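Structural overview for review
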Amino acid sequence: MNPTLELLTSHRSERSYLDTPIADEVLDSIIAAAHLAPTSVNSQQVSLIVTRNAEQRARIAEMAGGQAWIAKAPVFITVVLDMHKTRLGMAISGKQQLAHQSVESLISGSTDVGIALGALMTAARSHGLGIVPIGGIRRDPQAMIDFLQLPELTFPVAGVAIGYVDQPAAQKPRLPLASFRHEERYQRETLPDAIKAYNQTLVQHWQQIGRSDGDDWGNNTASYYQHIYFPNVLPAIRQQGFKLDK
């Protein structure tokens, strides 16, 4: 296996960090990887907010639901869907942006955010750093928007904590590949057996790492998906000027 594939297939979401600073040149190279990542129609509708100040990271950790690793890791990067930037670029060229009135703009922009996030994570891990992606910043999106002073037509989609690892995490097993890779068509008939097998595998994983509170995949997912667990996202998106009527 080549080094790139080895890096990608050994992912762990690390939640135990040293407070060792990340050198500027290392952080710059990580950010450059995301800066040069592809975007839809070269829109470049992504911006990063880099937070290194300890008090600021602690505040983000609180807004994200008390995720202590955000405060402990020396760098937190918020990845922002940024159609404020595209609107400004079009205005400079004498054009009017309408795309933000469409759900497609959120799908396209969030895709670009995901690509940038992937680049950040891979680049950080290539330097021997640990990472954990954070969706919890959407728990109270308006608070994040205000905290980061985000302008209209922007939205904080996700973030990532980056730092040197204290206690390495175990790699979590995944659903069987047959539930992920579908040849020619979506093969739904394979899913029940794959999920049942994975439920057992995941429970065994929790037991092996000493997690007495670990549940199977269905129940763990239900703890989030039985309700709308971030109900403030849509109001905040609308408040930011995304119309979503087309």
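What counts and what doesn't
- Residues numbered from 1 in each chain as written.
- Predicted model: local features only at pLDDT ≥ 70, side-chain atom pairs only at ≥ 80, totals over all residues.
- Heavy atoms only, no water.
- Buried < 20%, exposed > 50% of the residue type's maximum accessible area, 1.4 Å probe, protein only.
- Helix = DSSP H or I, 4+ residues; strand = E, 2+ residues; numbered from the N terminus.
- Pairing = 2+ DSSP bridges.
- UniProt positions renumbered as here; feature names shortened; annotations may be inferred.
- Domains from an automatic or database assignment.
- Phe/Tyr/Trp six-rings, centres within 6.5 Å; stacked < 30°, edge-to-face > 60°.
- Lys NZ or Arg CZ within 6 Å of the ring centre and 35° of its normal.
- Salt bridge = Lys/Arg side-chain N within 4 Å of Asp/Glu carboxyl O.

1. Observations regarding the pairing of strand E3 (residues 130-134)
Of all five residues in E3, four are buried, a share of seventy percent or more. In terms of strand pairing, E3 meets strand E4 (residues 154-163) through five bridges, oriented antiparallel. Across the sheet, the residue bridging to Ile134 is Gly159, located in E4.

2. What about the UniProt feature "domain: Nitroreductase" (unreviewed entry) in the protein chain?
Annotation from UniProt places "domain: Nitroreductase" (unreviewed entry) at residues 9-164. Span residues 9-164 is 44% helix and 19% strand, its end C-alpha atoms 19 Å apart.

3. Observations regarding the domain arrangement of the protein chain
Reports of interface size often rely on the accessible area that becomes lost once the parts have come together. Taken domain by domain, the protein chain holds domain 1 (3-169 + 227-240) and domain 2 (170-214). When each unit is reduced to the centre of its C-alpha atoms, the spacing between domain 1 and domain 2 is 28 Å.

4. Some words on the packing of aromatic side chains
On inspection of all chains with the given rule, the structure shows four aromatic pairs. Ring plane angle 25 degrees and centroid distance 5.9 Å describe the contact between Tyr225 and Tyr229, whose orientation is recorded as stacked. The class of Tyr225 is exposed, set by a relative accessible area of 60%. We classify Tyr229 as partly exposed; its relative accessible area is 32%. Linked through ring pairs, Tyr224, Tyr225, Tyr229 and Phe230 together constitute an aromatic cluster. Across from the ring centre of Trp69, 5.5 Å away, lies the NZ or CZ of Arg15, which sits over that ring. Stacked on the ring of Trp206, the Lys or Arg Arg211 has its end atom at 4.5 Å from the ring centre.

5. Observations regarding the pattern of salt bridges
Throughout the structure, instances matching the rule amount to six salt bridges. For Arg52, the salt bridge goes to Asp24, with nearest N and O atoms at 2.9 Å. With Arg52 in the loop between strand E1 (46-51) and helix H3 (54-63) and Asp24 in helix H2 (residues 24-35), this pair connects stretches of sequence that are 28 residues apart. Given the relative accessible area of 45%, Arg52 is considered partly exposed. By relative accessible area, which is 45% here, Asp24 ends up partly exposed. The partner of Arg211 in a salt bridge is Asp213, and the shortest N-O contact between them spans 2.6 Å. Under the relative-accessibility criterion, Arg211 is labelled partly exposed at 37%. Since its relative accessible area comes to 55%, Asp213 is described here as exposed.

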